[in-house]
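Spelled out, the chains give:
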Amino acid sequence: MRYSLGFVGIGLMGRPMALRLLDAGFTVHVWNRSPEKLSDVAAAGAVVCASVAELVANSDVILLCLADSAAVESVVAQGVIAAGNAQKLLIDLSSIHPDVTRRLAAAVKAGCGMRWVDAPVSGGTVGAEEGSLAIMAGGEADDIDVARQVLRPLYSRLTHMGPVGSGQITKICNQMIVSCNVLVIAEMMALARAAGVDAERIPQALAGGFADSKPLQIVGPEMAENRFEPVKWRVGTLLKDLTMAADIAGQAGSAVPMSGLAAQLLRLHAGRGFLNQDPATLIKLYRET
């Protein structure tokens, strides 16, 4: 079956994902809170909808790629239940709180019978552009099968983690590792520079060794060169996810001291005006303190 898609949220990640789905031959209906961001996908063949309800009514599978829990709740309230039915599937690519995911999935199921898959992604804008994202998904097995088919142009790996909400928890675990990694990379790059080492050579020197990582090879050169544009992802995104990690840890009675410190450092950096800047700017935190 060739599904008709609806895509809500044409931002840093949503734009390249929608373009890849269009390139793969899908019919893609789009809606965005800021309509001016739709020009590129409309030029590529996307069908622009005037409302969320119109998008849902004309789509078999609805994809959300939004900033946070509040944004997902807002879109669901704007017409998902009113225009949905039991033959439709909603796949949420956003990274939001697992409790919100479960609550919204239950409300949508009770309201119109629509099923829900939480499928947050990892890989950044480069992964979205190249179709090499890692997707961690929660939901029923049959719905995950649909997600695998629909999202195939976007990922190199899609893993079924369990029931609805499991994908979100896995993404938070992912962000705990990424956030702490990026922060220590910034600390290390600042130290290398202060101690007289050519920081630009660090990523190359460590490549293939035990300290190597994708974040090192991506943000390391950017930090060394003071290259912070274009913004590919945001400090605020990491802070949001670490805040959720602390909340979930409190519920589970689990200690997350490293992630807790990372959240405090990110909050300090955000308070200095870097909330919507690239995490590569974190090197400024260590230069200034």
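About the criteria used
Residues numbered from 1 in each chain as written. Predicted model: local features only at pLDDT ≥ 70, side-chain atom pairs only at ≥ 80, totals over all residues. Heavy atoms only, no water. Axes fitted to C-alpha atoms, helices over the stretch in contact; angles between N-to-C directions. Helix = DSSP H or I, 4+ residues; strand = E, 2+ residues; numbered from the N terminus. Parallel < 35°, antiparallel > 145°, perpendicular 65-115°, else oblique. Left-handed = near helix turned anticlockwise from the far one by under 90°. Contact = heavy atoms within 4.5 Å. Nonpolar A, V, L, I, M, F, W, Y, C, P; charged D, E, K, R; others polar. Phe/Tyr/Trp six-rings, centres within 6.5 Å; stacked < 30°, edge-to-face > 60°. Lys NZ or Arg CZ within 6 Å of the ring centre and 35° of its normal. Salt bridge = Lys/Arg side-chain N within 4 Å of Asp/Glu carboxyl O. Buried < 20%, exposed > 50% of the residue type's maximum accessible area, 1.4 Å probe, protein only.

K.L.:
Can you explain the packing of helix 8 (residues 166–194) against helix 11 (residues 235–252)? Please cite residues and give values.
P.N.:
Packed helix pairs are specified by the crossing angle of their axes together with the interaxial distance, meaning the distance between the axes. Here helix 8 crosses helix 11 at 120 degrees, and the two axes come no closer than 9 Å. Overall, the two elements helix 8 and helix 11 adopt an arrangement that is oblique. In this structure, helix 8 crosses over helix 11, and the sense of that crossing is left-handed. Touching Ile172, Gln175, Met176, Val178 and Ser179 of helix 8 are Thr237, Leu238, Asp241, Leu242, Met244, Ala245 and Ile248, all from helix 11. Its residues assigned to classes, the contact of helix 8 with helix 11 shows eight nonpolar, three polar and one charged.

K.L.:
Could you give an account of the packing of aromatic side chains, with specific residues and numbers?
P.N.:
Using the criterion set out here, one finds zero aromatic pairs in the structure. Arg2 extends its terminal NZ or CZ atom over the ring of Phe26, reaching a point 4.0 Å from the ring centre. Stacked on the ring of Tyr155, the Lys or Arg Arg152 has its end atom at 4.6 Å from the ring centre.

K.L.:
How would you sum up the pattern of salt bridges? Please name residues and give values.
P.N.:
Where charged atoms from two side chains of opposite charge come close, those side chains can pair. Summed over all chains, the structure comprises nine salt bridges. For Arg15, the salt bridge is made with Asp40, and the minimal N-O distance between the two is 2.9 Å. You can see Arg15 sitting in helix 1 (residues 14–23) and its partner Asp40 sitting in helix 2 (residues 39–43), a full 25 residues away along the chain. Between Arg227 and Glu225 there is a salt bridge, and its shortest N-O distance comes to 2.9 Å. Judged by its relative accessible area of 39%, Glu225 is partly exposed. Connected through shared salt-bridge partners, Glu222, Lys232 and Asp278 make up one network.

The values reported here are purely geometric and, on their own, carry no functional implication.
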